[in-house]
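Listed here are the chains, written in short residue letters.
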Amino acid sequence: MELFILMTCDEWKSWTSMRLRGVFTLQELKKYIKTHSKNTNIKMEEPKQEKDFEFEADWGQMELMSAYEINQYLTYGYVETVELNSPQ
């Protein structure tokens, strides 16, 4: 089972600044970011290199994003993908 660790951090995503926010499934991660982005320092912005869409105006686009893509849009956050060790 694939899970996603969400951490808040500085804009350079340095390891020393990272603080655990939670461990989520992909759908839970998206929901958490949507509900907490305005109340915490989790901030979503367009990556400097890409201008695919105006993110803050179109939360529906996040439903189509992978965890990797979400990570690219997080300014003060970092997403790490992990596998849950479960017997096969």
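Just so it is clear, the model here is predicted, and its values are computed rather than measured.

*Asks:* Is there a simple way to think about the overall build of the protein in this case?
*Replies:* What the protein contains, in helices and strands, is 2 helices and 3 strands. When the helices and strands of the protein are placed in sequence order, the string is β-β-α-α-β. The proportion of buried residues among the 88 residues of the protein is 38%. Here the analysis covers contacts within the protein between residues at least 6 apart in sequence; of these, 58% occur between residues at least 24 apart. A total accessible area of about 5900 Å² is found for the protein, and carbon and sulfur atoms account for 51% of it.

*Asks:* Whenever I open this one, the nonpolar core confuses me. Can you help?
*Replies:* Considering soluble globular proteins, one finds that nonpolar side chains tend to be buried as a cluster. Counting 13 residues, the largest nonpolar core has Leu6, Leu29, Ile33, Ile70, Leu74 and Val79 as the members making the most contacts within it. Those elements that place two or more of their residues in this core are strand 1 (2–8), helix 1 (26–36) and helix 2 (67–73). The residues contacting Leu29, other than those within four sequence positions of it, are Phe4, Leu6, Phe24 and Val79.

*Asks:* Quick question: what am I supposed to make of helix 1 here?
*Replies:* Buried within helix 1 are the following residues: Leu29, Lys30, Tyr32 and Ile33. Down the axis of helix 1, the sector holding all buried residues measures 165 degrees, keeping them to one side. In the core, the buried residues of helix 1 are packed alongside strand 1, strand 2 (19–24), helix 2 and strand 3 (77–83).

Basis of the calculations
Residues numbered from 1 in each chain as written. Predicted model: local features only at pLDDT ≥ 70, side-chain atom pairs only at ≥ 80, totals over all residues. Heavy atoms only, no water. Helix = DSSP H or I, 4+ residues; strand = E, 2+ residues; numbered from the N terminus. Buried < 20%, exposed > 50% of the residue type's maximum accessible area, 1.4 Å probe, protein only. Contact = heavy atoms within 4.5 Å. Areas by Shrake-Rupley, 256 points an atom, 1.4 Å probe, with all protein chains shown as cover. Core = buried A, V, L, I, M, F, W, Y, C linked by side-chain atoms within 4.5 Å. Arc of directions from axis to C-beta.

Honestly, that's just the spatial picture; any functional story needs more than this.
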